[in-house]
Structure formats: structure tokens, C-alpha cells
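Observations on the model geometry
One-letter residues, chain by chain:
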Amino acid sequence: MRQTLIVANWKMYKTLSEAEEFVERFPGEIAGISGIETVICASFTSLARLSVLTEKTTILLGAQNMHWQKEGAFTGEISPLMLRDLCVKYVIIGHSERRQYFGETDEIINKKVSAALKNHLIPILCVGETWDERKQGRTFLVLNQQILFGLQSIDNEKLSSIVVAYEPVWAIGTGKSANKEQVQEVHAYLRDVIKEFTSSNEMAFNIRILYGGSMSPKNAQEILSLKDVDGGLIGGASLKIDSFSSLVQIAESVQKVKEQ
Ligand code: PEP
């Protein structure tokens, strides 16, 4: 059984004091919830402090990006080693905002996924089509390429811990999520692509595939209940304690039903 993963992507929101305030209160809001892995991907400026504040809680930390080298003359970049040092466990790689605004290519993303795994960080590899690509009937082609290039030359042993996030670009931050048929269809497809890529049914079955794109307490139950959905990557609705804790609660109730 795949463990449900609920990941907050705070993007470029929250100053250090705002992040501290959230993390001081949030564990109390989800006390008693079990079986759900809850991750907060905060900005680099908050991670050091949050690693202290989350030490005795069930909250795990994630970063939103990283460089692929361990160290070097790369002004303004953050290395996997630096993240490990702060007890960061997850790192989002290839978010569509990074592809779109910072020119991240599949080649760069592949280097980052590989570096994360080498440095014992769990990459959350984001894939997703734009609205134009969907309209042109290219959704599966685009996703196939993003997955195959993103995972290129990474061996099965390392790949087993990876997390994939399906984030249709047109659903991010728009308040309009993909519908349940679209989500299940893509998640099943991604699992098939992974099965072919790894030649392993077991690996494809065990890899967690998250949905991201305007997930909120209103639509979470329906999306998380889908057979091939193993959690959510959440932007806007992760910024408020009320909505993020509701999402974790919904995930717990869905996971219980799935376990039956
Ligand atoms: C995201 O940025 O990863 C995301 C899913 O954002 P939102 O939930 O706001 O659509």
C-alpha cells in the first residue's frame, strides 16, 4: 500500500516570521492524524529555522529547487549537500514555473533528479501539459517526454524512492482543477510509462504519483480517492493553516477507505 503524501508548495510566499508562525501552530492542528506523510516545501530562507521547529513533529521539510552540483562557483544557487545539512528530505524538481520562467529544460531537470537521489534527497518530479498542448491532443506525448527525459540514465535501485507529481499547467493557481476522469487517466498512463521504463511492475505499482493544480478542501476527497492518486502537491491552499490541515484530514479519511 502506498503511503499518502501531502506536500505544501509555498512558492515565493511567507517571510521567516510567517513561516515560523505557521509551523509553530500547524502540528497542533493535525495532532492525532496518522498514516499521512506531510511535507512543507518552504523557501530557502526559512528552511534552517523550520528544521529546528519541525524536529520533534511529524512534519517533514522539502525544498522547491536545487542545483545539481555539490558545491562550486554557482552564485545564488543552493546545493543538495546544503539541503541535507538542514534535514530536508524532499525537493521539488521541474515545477512548471521553473520550466516556464527560469528556462529549466528536461536535461537540467534530469541532472537535478539524479543529483537529488545521489544525495539521499527524494525528488518530486513535476510533469504536466499546457492547455494548448491538451487542446492539440499532445498531453500524453508531452508527459511521456518529460518522464523519460527526467528519469534518463537513473537506475532502478535509485528510482524506487522517487515521487512524481502530475500538475497540468492550466490547473495551477487557476482555481480550476482537472476533473477526476482527466486525473485518473493521466495517473494510470504515467504508471504505465514508469512500468515500461523500469521493466518492473512492482516499481511502477509502488511509485507515488501526486496530483497538483488547484487542489483544495472542496475537491480533495474526489481527487485523492482515485485509484492511482497517492496524494497532492498543493500551492494556494497550503498557505493557510485551516485549509492545509483540512487537506491532511481529508487525506487521512480517504487513505482509511483505500486500506479497507
Ligand atoms: C503548485 O504550484 O504546485 C500548485 C499545485 O499550485 P495551486 O495548488 O495553487 O494550483
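Above this text is the structure in question.
Quick look at the structure, then. Please read all numbers here as calculations on a predicted model, not as lab measurements. (Residues numbered from 1 in each chain as written. Predicted model: local features only at pLDDT ≥ 70, side-chain atom pairs only at ≥ 80, totals over all residues. Heavy atoms only, no water.)

**Considerations on helix α2 (residues 44-53)**
Residue pairs spaced three or four apart in an α-helix point in one direction, given the helix's 3.6 residues per turn. The test is simple: Burial classes: relative accessible area under 20% of the type maximum marks a residue as buried, over 50% as exposed, and values in between as partly exposed (1.4 Å probe, protein chains only). A run of H or I in DSSP becomes a helix once it reaches four residues, and a run of E becomes a strand once it reaches two; helices and strands are each numbered from the N terminus. Arc, as used here, means the arc of the directions from the helix axis to the C-beta atoms. Contact between two residues is taken to exist if any of their heavy atoms lie within 4.5 Å; hydrogens are not considered.
Three or more residues of α2 are buried, namely Ser 46, Leu 47, Leu 50 and Ser 51. In a view along the axis of α2, the buried residues occupy a sector of 140°, so they form one face of it. Looking at the packing, one finds that the buried side of α2 touches α1 (16-29), β3 (59-63) and α3 (80-85).

**Some remarks on the layout of surface pockets**
Note the following rule: Grid points spaced at 1 Å over the protein atoms alone were grouped into cavities, where a 1.4 Å probe fits but cannot get out, and pockets, open sets with protein on both sides within 12 Å along at least five of seven lines, with lining residues defined by an atom within 4 Å of a point. Grid points are joined across faces, edges and corners, and a volume is the space filled by probe spheres set on the points. Polar here means any residue other than Ala, Val, Leu, Ile, Met, Phe, Trp, Tyr, Cys and Pro, which are nonpolar, and Asp, Glu, Lys and Arg, which are charged; Gly is therefore polar.
When its volume is computed, the largest pocket comes out at roughly 650 Å³. In terms of lining, the largest pocket is formed by 25 residues, of which the most central are Phe 44, Gln 64, Asn 65, Arg 98 and Phe 102. At the level of elements, α4 (96-101) and α5 (106-118) are the ones that each hand at least two residues to the lining of the largest pocket. For the lining of the largest pocket, the element with the highest residue contribution is α4, accounting for 3 residues. Split into classes, the residues belonging to the lining of the largest pocket amount to 11 nonpolar, 8 polar and 6 charged. Reported here for the second largest pocket is a volume of approximately 320 Å³. The wall of the second largest pocket is formed by 17 residues, among which Arg 2, Arg 191, Phe 205, Lys 227 and Asp 228 lie closest to the centre. Of all the elements in the fold, those that place two or more residues in the lining of the second largest pocket are α9 (180-198), α10 (201-206) and α12 (241-259). In terms of residue count, the dominant contributor to the lining of the second largest pocket is α9 (5 residues). Of the residues in the lining of the second largest pocket, the class split is 5 nonpolar, 4 polar and 8 charged.

**A word on the pairing of strand β6 (residues 163-166)**
Stated formally: Two strands are said to pair when DSSP picks up at least two bridges between them.
Residues of β6 alternate between two faces, with Val 163 and Ala 165 on one and Val 164 and Tyr 166 on the opposite face, all of them buried. Pairing of strand β5 (residues 122-127) with β6, which is carried by 4 bridges, proceeds in the parallel orientation. Paired with Val 127 across the two strands is Tyr 166, which belongs to β6. Judged from the 4 bridges that link them, β6 and strand β7 (residues 208-212) form a sheet pairing that is parallel. Paired with Ala 165 across the strands is Leu 210, a residue of β7.

**Concerning the site of the ligand**
Rules: The near set for a molecule or strand comprises every residue that places at least one heavy atom within 4 Å of it. Throughout this description, a polar contact denotes any pair of N or O atoms lying within 3.5 Å of each other; where both atoms belong to protein, one of them has to be capable of donating a hydrogen while the other can accept it, and for residues adjacent in sequence the pair is counted only when both atoms sit in side chains.
In the region of the ligand, 14 residues are neighbours, and Lys 11, Glu 167, Gly 173, Ser 214 and Gly 236 sit closest. Note that an oxygen atom of the ligand is positioned 3.5 Å from one of the side-chain N or O atoms of Asn 9. Here an oxygen atom of the ligand and a backbone polar atom of Gly 235 are 2.8 Å apart. When grouped by side-chain class, the residues that make up the shell around the ligand number 4 nonpolar, 8 polar and 2 charged.

**Some points on empty space enclosed by the protein**
Here the structure, examined in full by the defined rule, presents 1 cavity of 30 Å³ or more. Of the voids in this model, the largest cavity is the one considered here, and its volume is about 40 Å³. Forming the boundary of the largest cavity are Gly 94, His 95, Ser 96, Arg 99, Cys 126, Val 127, Gly 128, Glu 167 and Val 169. Listed by contribution, the elements that provide at least two residues to the lining of the largest cavity are α4 and β5.

**Some points on the pattern of salt bridges**
Threshold: Whenever Lys or Arg places a side-chain nitrogen within 4 Å of a carboxyl oxygen from Asp or Glu, that contact is recorded as a salt bridge.
Applying the stated criterion to the full structure yields 15 salt bridges. Taking the shortest distance from any N to any O, the salt bridge between Glu 97 and Lys 11 comes out at 2.8 Å. Residue Glu 97 is located in helix α4, and its partner Lys 11 is located in the loop between β1 (4-9) and α1; the two are separated by 86 residues in the primary sequence. Residue classification places Lys 11 among the buried positions, given a relative accessible area of 16%. The salt bridge involving Lys 195 is made with Asp 192; its shortest N-O contact spans 3.9 Å. Here Lys 195 and its partner Asp 192 are both found in helix α9, 3 residues apart, which amounts to about one turn of the helix.

**A closer look at the packing of helix α7 (residues 139-150) against α9**
Heads up, the condition is: Axis geometry follows a simple rule: fit a line to the C-alpha atoms, using only the stretch in contact for helices, then measure angles between N-to-C directions, giving values from 0 to 180 degrees. Here the angle decides the label: under 35 degrees means roughly parallel, over 145 means roughly antiparallel, 65 to 115 means roughly perpendicular, and every other value means oblique. By definition, turning the near helix anticlockwise from the far helix through less than a right angle yields a left-handed crossing, and turning it clockwise yields a right-handed one.
Orientation of α7 relative to α9, taken along the N-to-C sense of each, is 40°, at an axis distance of 10 Å. Considering their axes alone, α7 and α9 lie oblique with respect to each other. As α7 runs across α9, the sense of the crossing is right-handed. Seen from α7, the contacting residues are Thr 139, Phe 140, Leu 143, Asn 144, Ile 147 and Leu 148; seen from α9, they are Glu 185, Val 186, Tyr 189, Leu 190, Val 193 and Phe 197. Counted by class, the contact of α7 with α9 contains 9 nonpolar, 2 polar and 1 charged residues.

**What to know about α7**
As a reminder, the rule being used: To estimate the expected span of a helix, count its residues, drop one, and scale the result by 1.5 Å.
Taking 1.5 Å of rise per residue, the 12 residues of α7 would be expected to cover 16 Å, and the 16 Å separating its terminal C-alpha atoms lies within 8% of that figure. Among the residues of α7, those classed as buried are Thr 139, Val 142, Leu 143, Gln 146, Ile 147 and Gly 150. Considered in projection along α7, the buried side chains sweep an arc of 125° and stay on one side of the axis.

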